[in-house]
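# Coordinate analysis (summary)
Here are the chains, one letter per residue:
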Amino acid sequence: MRLAVTEEQRELRAALRRFFADRSPSGEVRRLMATAEGHDPAVWRRMADQLGLQGLAVPEEYGGAGCGLRELVVVLEEMGRALVCAPFLASAVLAAHALLASGDEEARRDLLPGLADGTVIGTLAHTADGDAGGTAMTAEADRLTGTASFVLDGHVAGLILVVARTPRGPSLFAVDGDAPGLTRTLLSTLDQTRRLARLECAGTPARPVGPAGAGARILARTLDVAAVALAAEQLGGAQRVLEMSVEYAKVRHQFGRPIGSFQAVKHKCADMLVEVESARSAVLYAATVADEDPAELPMAAALAQAYASEAFFHAAGENIQIHGGIGFTWEHDAHLYFKRAKSSQLLFGSPALHRERVAKLIGL
């Protein structure tokens, strides 16, 4: 299994870090938090036109670059580091990989090129109110009725892939963002840098995608890929708050010496470093498994998500503690990372849920 980081991936990371430092500084993140869209369409276009990020992991025959999850996690890590406000996780990960997992060649050729070139924002709707494992959507005669909650960037998506109940079992459907009978409501959430929406369908026309009754299989594969992608984003956030902590510990003085010279602060930073590097190993392994040994992806994705979730949340909390009083203020960025860490911890299932998945997979 090829675990070494390639020179191309290093160059990609360097280019992304420069781009996001210029296009997603703290002030811009805070500005976008207050907008209705939650992202900058001009930056979204630049991401597609200049860097080709939206189509990075889409096969070449559908307009993408044909890279694997190894390259995609580099993008997500740098986005998490900069708290980038963009519908990338929804469109380039959830929607694109649901289409790829569907096996529907006609739908792939029709729908993937728009996602790959960034002209269409996609998302996946599969969660009912208060139930992370089910859907309240039903399909009859290719029309959808019901609701889906916690839909990533569902308020701006032009393509919504919906898992709905049918007589043959859960199935996947594609819905246009402006379809009749579709109502979209933006939800109030803890993390203002990431948008979630509630979708309601009332006889909304939909296009079947993939075999009837294959929705559960498609969803399982898609969420495994999304768990690895989210873990990479969490890794980037954890790395950044570690750097913030170390930088502050060097310049903040108490009793005539930097607080970083105190043993308690040293221990906090050392523990954060161990967690970040361990999460890095888990994410890299899971991404490599996705590309080279897909049968092992459920285990690797659950491990990566469980560990990265807790590493980011712990590091974000310790960052506030090391900063002291200023770390609790609205003006400081520490709370933005803390809120992102907490919301991400629950987005695709809690760490406890993923540990339970691991236990079941090994027969416990």
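That block above? That's the structure.
Residues numbered from 1 in each chain as written. Predicted model: local features only at pLDDT ≥ 70, side-chain atom pairs only at ≥ 80, totals over all residues. Heavy atoms only, no water.

## Here we look at the overall build of the protein
Within the protein, the secondary structure is distributed over 11 helices and 10 strands. Taking 2.2 N^0.38 as the reference for a compact globule, 364 residues should give roughly 21 Å; the C-alpha atoms of the protein span a radius of gyration of 20 Å, in line with that estimate. Expressed as lengths along the three principal axes of its C-alpha atoms, the size of the protein is roughly 75 × 45 × 40 Å. In the protein, which comprises 364 residues, the share counted as buried stands at 54%. Surface summary for the protein: the accessible area is close to 15400 Å², and the carbon and sulfur share equals 56%. Charge separation in the protein, taken as the distance between the mean sites of 37 positive and 43 negative side-chain charges, equals 5 Å. (Helix = DSSP H or I, 4+ residues; strand = E, 2+ residues; numbered from the N terminus. Rg over C-alpha atoms; globule rule 2.2 N^0.38 Å. Buried < 20%, exposed > 50% of the residue type's maximum accessible area, 1.4 Å probe, protein only. Areas by Shrake-Rupley, 256 points an atom, 1.4 Å probe, with all protein chains shown as cover. Lys, Arg positive; Asp, Glu negative; His and termini not counted. Charge placed at Lys NZ, Arg CZ, Asp CG, Glu CD.)

## Digging into the sheet that holds strand β2 (residues 138-140)
Ordered in space as β2-β3-β7-β6, the 4 strands form an open sheet in which the pairing is antiparallel. Each edge of the open sheet is held by one strand with a lone partner, namely β2 and β6 (182-186). Going from strand to strand, the sheet's axes swing by 15° on average, the running direction of each strand aside. For β2 and strand β3 (residues 143-152), the ladder comprises 3 bridges, and the chain directions are antiparallel. Looking across to β3, one finds that A139 is bridged to L144. (Pairing = 2+ DSSP bridges. Axes fitted to C-alpha atoms, helices over the stretch in contact; angles between N-to-C directions.)

## As for a nonpolar patch on the surface
Side chains of L361, I362 and L364 sit close together on the surface and give an oily, nonpolar patch of about 350 Å² of accessible area. Along the polypeptide, L364 turns up in the segment after α11 (351-361). (Patch = residues over 30% accessible without salt bridge, like charges linked within 9 Å, V, L, I, M, F, W, Y side chains within 5 Å. Salt bridge = Lys/Arg side-chain N within 4 Å of Asp/Glu carboxyl O.)

## What about helix α5 (residues 88-102)?
End to end, α5 covers 20 Å across 15 residues, agreeing with the expected 21 Å (1.5 Å per residue, within 8%). Taking burial as the measure, the 15 residues of α5 include 15 buried ones, the bulk of the element. Phi turns positive one or two residues past the end of α5, at G103, with a value near 75°. (Expected span 1.5 Å × (residues − 1).)

## Re unusual backbone geometry
Although it is not a glycine, D153 sits at a positive phi angle of roughly 55°. One can find D153 in the loop between β3 and β4 (159-164). We classify D153 as buried; its relative accessible area is 7%. Positive phi values are uncommon outside glycine, yet F255 reaches one of about 55°. Accessibility expressed as a relative area gives 79% for F255, which makes it exposed.

## Here's the deal with the sheet that holds strand β1 (residues 122-125)
An order of β1-β4-β5-β8 is seen for the 4 strands of this open sheet, with the pairing classed as mixed. Either end of the sheet is taken by a strand with one partner, and the two such strands are β1 and β8 (207-209). Averaged over all pairs of adjacent strands, the angle between strand axes in this sheet comes to 30°, irrespective of strand direction. Bridge analysis of strand β5 (residues 171-176) against β8 gives 3 bridges, and the strand direction is antiparallel. Paired with F173 across the two strands is P208, which belongs to β8. Across the sheet, α5 is in contact with β1, β4, β5 and β8; its angle to β1 comes to roughly 70°. Across the sheet, helix α7 (residues 215-251) lies against β1, β4, β5 and β8, angled at about 75° from β5, the strand it touches most. (Contact = heavy atoms within 4.5 Å.)

## Examining the pairing of β4
Counting buried positions along β4 yields 6 of 6 residues, so the element is predominantly enclosed. Where burial is concerned, the two faces of β4 agree: the one with L159, L161 and V163 and the one with I160, V162 and A164 are both buried. The pairing of β1 with β4 spans 4 bridges and is classified as parallel. Directly across from G122, in β4, lies its bridge partner L159. As judged from the 6 bridges shared by β4 and β5, these two strands associate in the antiparallel manner. Paired with V163 across the bridge in β5 is L172. Between β4 and β5, which pair antiparallel and follow one another directly, the connecting turn spans 6 residues, one of which, G169, has a positive phi of 110°.

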